[in-house]
Structures are given as C-alpha cells and as structure tokens.
Amino acid sequence: MTSRRDLMRTALAAAPITMLSAASARAVTSWLQTLPPDKTAGNVAADEDFWRTVQEAFAVDRTVVNLNNGGVSPSPRAVQDALRRFTEETNRLPAKILWQEMEPKQESVRQGLASLFGVAPTEVAITRNASESLQNIQFGMTLQKGDEVLTTTHDYPRMLTTWEQRVRRDGIVLKKVPVPTPLKDAAALVRSIEEAITSRTKVIHVSHVVFLTGQIMPVGEICRMARRRGIPCIVDGAHSFAQFPFTRDELDCDFFGTSLHKWLCGPIGTGMLYIRKDRIADIWPLMAAPATMDADIKKFEEIGTHPAAIHNALGEAIDFNVSLGLDRKAARYRYLHSIWTERLQRNERVSFMTDITNPANQCALVLVHIKDTDPGKLSTWLYDKHRILTVAIAHEDFKGLRIAPSVYTTRRDMERFADAMESVANGTAKID
Ligand SMILES: Cc1ncc(COP(=O)(O)O)c(C=O)c1O
C-alpha cells in the first residue's frame, strides 16, 4: 500500500526545483495544489526537500537570517506580483477600473477569509490591519461611565491605549489581569479572569497569541466562561490567524481582529475584522456609514478612496496558505524552534518565557533570555556580527529576544542562530 509519505514524495518528484525557480511567481502555489490534503499529508515538518521548494515562493534577502517575521512578514512573490498587476491595471483608468472592476473583486477575498475562519462572508470586513479592526470594536461599542472592560497585562499596547483613551474620555474602567510567565496552568488564568468579573463588566478583551512571548492563550475557555455569564469577548488575533489552524467555533468569540500582513503573509496594510452576525448592529464604525448599513459588516469598509490592489492581492496569500496547509505550517514552526531550543535549554544561563514543552502553549514565536545579558545589546550584536534579525522585548515582568521564523526559514538558519546564542551563553563571545 502507498504510504502518505510516499504520496508526498511522488508529488515532490513532480516538481523539479530548477523548473520552479525559473517559472512564474505562482509556480509554488500551483505545485502545492497537487499535494495530498493538509491533514493526510504525513509529517513533512523536517523534510528539507519539501521546504526547499516552499522557500522558492519567496524572494527574501538570504544574506540575513530573518527571525522577526512576527512584526510583519514578507509576502510570497505571487502576492507581490498580483499587487503590482492590480495596481497597474487600476492606473489604466482609475475612476472606472478602481470602483467598477477592482472593488467587486474583493468579494472572493472575503469568501476566502470567511472560509479560513469558518464563518459567513457577511460577518467579515476587510481592513488595513489589526489595529483598525480592533479599534472599530473598541471605539464602536456603547459603554457608559463606570462600565468595566477586562483585559490582561500582556495585551498589545495600542489596544490598551485605545481603552485608556476611553477611560479618559468616557469614564469607563479598565482592569488588567496579570498573566503568569511562562503560563503553565491555563485553567488558573481562566479562573483569575472569571474572578475579576463584576456586575459592571461589559466586555473581555484578550490576545489569542501574546505578542511578547508567543504564548497561545486559552481563548476558547475564556470565551465560553464569559458567554455563560452573558459577557461578549473581543479576541485580538493579530498573531494567531494563519499561524496555526483554528476556527471561530473553537474560539467561540463574538469579535475577532487580525492583521493579514503577519502570518498569512498578505500585502502590508491588510487586516480582517470578524463580528458575530447578531452583534454587527451594536457596533458603530470608526468612519461613518449610512443608517441603511447599520447591520451590514461592510459599514466598516466605508473608509474613502483606497488602493483596492492591496486587499485584492490577498487572494494569492489565501491560496498559498490553503495550498500549503496550516497544519503543515504549524508543524514546521514547531520543528524549526526545536532545532535551537533543544540545544540552548541544556545551558543553565538560558531561560524561556514560553513553555516550549507543551505545543498547546507555543507555535511560531518563542521568547528566550540569556542570564546577565541585555536583550537590546544582544539583538544588535546578532545583527551586526551574524546578520540575524531578532526583536528585543522588555516588559515589566520579563525580558528577552523574540524569535519568529517563517515557512521560508531553513534548518541551517536555525543552526546559525543556535551557534551564535550558544557562544554568548557559554561565554566564548562577548557582546559588549
Ligand atoms: C497582539 C497584537 N495586536 C495588535 C497588533 C497591531 O497590529 P497592526 O500594527 O498590524 O495593526 C499587534 C502588532 O504587532 C499585535 O502584536
């Protein structure tokens, strides 16, 4: 009988790399579409032949090891190609092509996003980033003086600033529940959030993946607990969407906002807003829309003239992700992290702010610290000396380097990073 792995090998054999690199920017997506479906594809996480071909989808600077794909990610060449094409087409006759041809095309993007999230297209608005998506909800929700919003100490600063502005303007109350680092007991965190609820709590706002540590939060449990108590949940999915597979039903949230230029690898300046159908009419859009649109998710897209090419090129990013498969992506991220964490965790000066022993806690992002080092200096040294890009994180509870590889990252890239970090941890390299 043909094994899953044999099936994968057969598909790989049909895709000579030289042919792929010479062919169109879309060649890798076309090849991925010939593979067996994601969940039945066997374990290819460590198969460098497979990922070598996936890497061909990207035209990144290979003189640098980019381990900051969390802030914003490069797009596959096919996405950039579509963006260029749509921009050029628009500019042939903008006043006609932009509104009559380009804008209607975004409906297939909406359908693609809705299908990835397991919701109806009528619940999905296309935005420019997670900030816009989340602020539509945060500013658009009717709250009275004294009403309470519950969030955590590890939520994203801009989103906390948004609530704090409402504290100053509207007199609402913002409460932040501390998140232990690393988080070992998810049920205890859900209990802490539940204990912070009062009769004035109107909404819970929580990140799905903590931007600081990569911690995957027990969002489904939090939303279900809140639902039992009649409280809606806003999930900040800036770092989760397309990083690993999940659907709205698994989260059971009422509101979800994400960027699509992070883990979906969409064009820079793309985001998605989800609102459960029966809640759309409750939320005022950031930019005004007519009363006829009150219950229409598209009221959040009434932002004036903007480049349709950017959101239309999302079609290629969605296709790339669906064809590659989110299970395969998630398995690859965890494998890439295992290459360096297994080496570094043997060194007693190294600690992890993400529980790397439990895949439920962590996927594409890991926060690591080497005792007695300044993460800012270490990050600068890694770039100047080794051309490895990382991001230094400083929080009042912890500090470290956030490591975020991508699907184009190679095994050798992670080994290079491990070598450099080991030299610091064992004292053979000096960073000052
Ligand atoms: C958790 C979280 N929320 C929201 C945002 C805002 O994303 P954007 O700048 O794409 O709007 C970020 C950005 O990194 C984030 O990490």
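To start, this report covers the structure provided alongside it.

Calculation rules
Residues numbered from 1 in each chain as written. Predicted model: local features only at pLDDT ≥ 70, side-chain atom pairs only at ≥ 80, totals over all residues. Heavy atoms only, no water. Buried < 20%, exposed > 50% of the residue type's maximum accessible area, 1.4 Å probe, protein only. Helix = DSSP H or I, 4+ residues; strand = E, 2+ residues; numbered from the N terminus. Pairing = 2+ DSSP bridges. Near = heavy atom within 4 Å. Polar contact = N/O pair within 3.5 Å; in protein donor to acceptor, adjacent residues only side chain to side chain. Areas by Shrake-Rupley, 256 points an atom, 1.4 Å probe, with all protein chains shown as cover. Nonpolar A, V, L, I, M, F, W, Y, C, P; charged D, E, K, R; others polar. Contact = heavy atoms within 4.5 Å. Phe/Tyr/Trp six-rings, centres within 6.5 Å; stacked < 30°, edge-to-face > 60°.

1. Focus: the pairing of strand β2 (residues 124-127)
Along β2, one buried face is formed by V124 and I126 and the opposite face, lined by A125 and T127, is buried too. Examined bridge by bridge, β2 and strand β8 (residues 271-275) share four bridges and lie antiparallel to one another. Paired with V124 across the two strands is Y274, which belongs to β8.

2. A word on unusual backbone geometry
Residue P182 is reached from T181 by a cis peptide bond, and omega for that bond is -10°. For P182, the location among the structural elements is in the loop between β4 (173-177) and α9 (186-195). Positioned with a positive phi, A242 is a non-glycine residue whose angle comes to about 75°. You can see A242 is positioned in the loop between β6 (233-236) and α11 (248-251). With a relative accessible area of 2%, A242 lands in the buried category. Phi is positive for C265, which is not a glycine, with a value near 65°. Structurally, C265 can be placed in the loop between β7 (255-259) and β8. C265 gets classed as buried once you look at its relative accessible area, which sits at 4%.

3. What to know about the site of the ligand
Taken together, 13 residues lie near the ligand, and S131, D236, S259, H261 and K262 sit nearest. Between the ligand and the protein, one listed contact pairs an oxygen atom with a backbone N or O atom of A130 at 3.4 Å. In this structure, H239 approaches the ligand through a side-chain N or O atom, which is 3.3 Å from an oxygen atom. Notes on the ligand: free accessible area 390 Å², of which the protein chains cover 89%. When residues of the shell around the ligand are traced back to their parent elements, those giving at least two are α7 (130-140) and α8 (157-170). In terms of residue class, the shell around the ligand is made up of five nonpolar, five polar and three charged.

4. Focus on helix α4 (residues 48-55)
Of all the residues in α4, the buried ones are F50, W51, T53, V54 and Q55. Structurally, the start of α4 carries an N-cap: the backbone nitrogen of D49 is 3.1 Å from a side-chain oxygen of D47.

5. Overview of the side chain of R110
Mapped onto the elements of the fold, R110 is located in helix α6 (residues 94-117). Judged by relative accessible area, R110 falls into the buried class, the value being 2%. Within the local environment of R110, its side chain forms a polar contact with the side chain of E107, the two groups lying 2.8 Å apart. Those residues in contact with R110, other than ones at most four positions away along the chain, are P121, V124, A125, I126, K298 and E301.

6. A look at the packing of aromatic side chains
Evaluated as defined, the whole model comprises 16 aromatic pairs. Between F58 and F320 the ring centres are 5.7 Å apart and the planes differ by 85°, which places this aromatic pair in the edge-to-face class. Residue F58 is found in the loop between α4 and β1 (65-66), and its partner F320 is found in helix α13 (residues 314-324); the two are separated by 262 residues along the sequence. Relative accessible area serves as the criterion here: at 7%, F58 is assigned to the buried category. Taken together, a centroid distance of 5.1 Å and an interplanar angle of 75° make the contact between W340 and F417 edge-to-face. With W340 in helix α14 (residues 326-344) and F417 in helix α16 (residues 411-425), the pair connects residues that are 77 residues apart, well separated along the chain. For W340, a relative accessible area of 0% puts it in the buried group. Among the aromatic residues, those joined into a cluster by ring pairs are F117, F241, F244, F246, F256 and Y274.

All quantities given are derived from atomic positions and should not be read as evidence of function.
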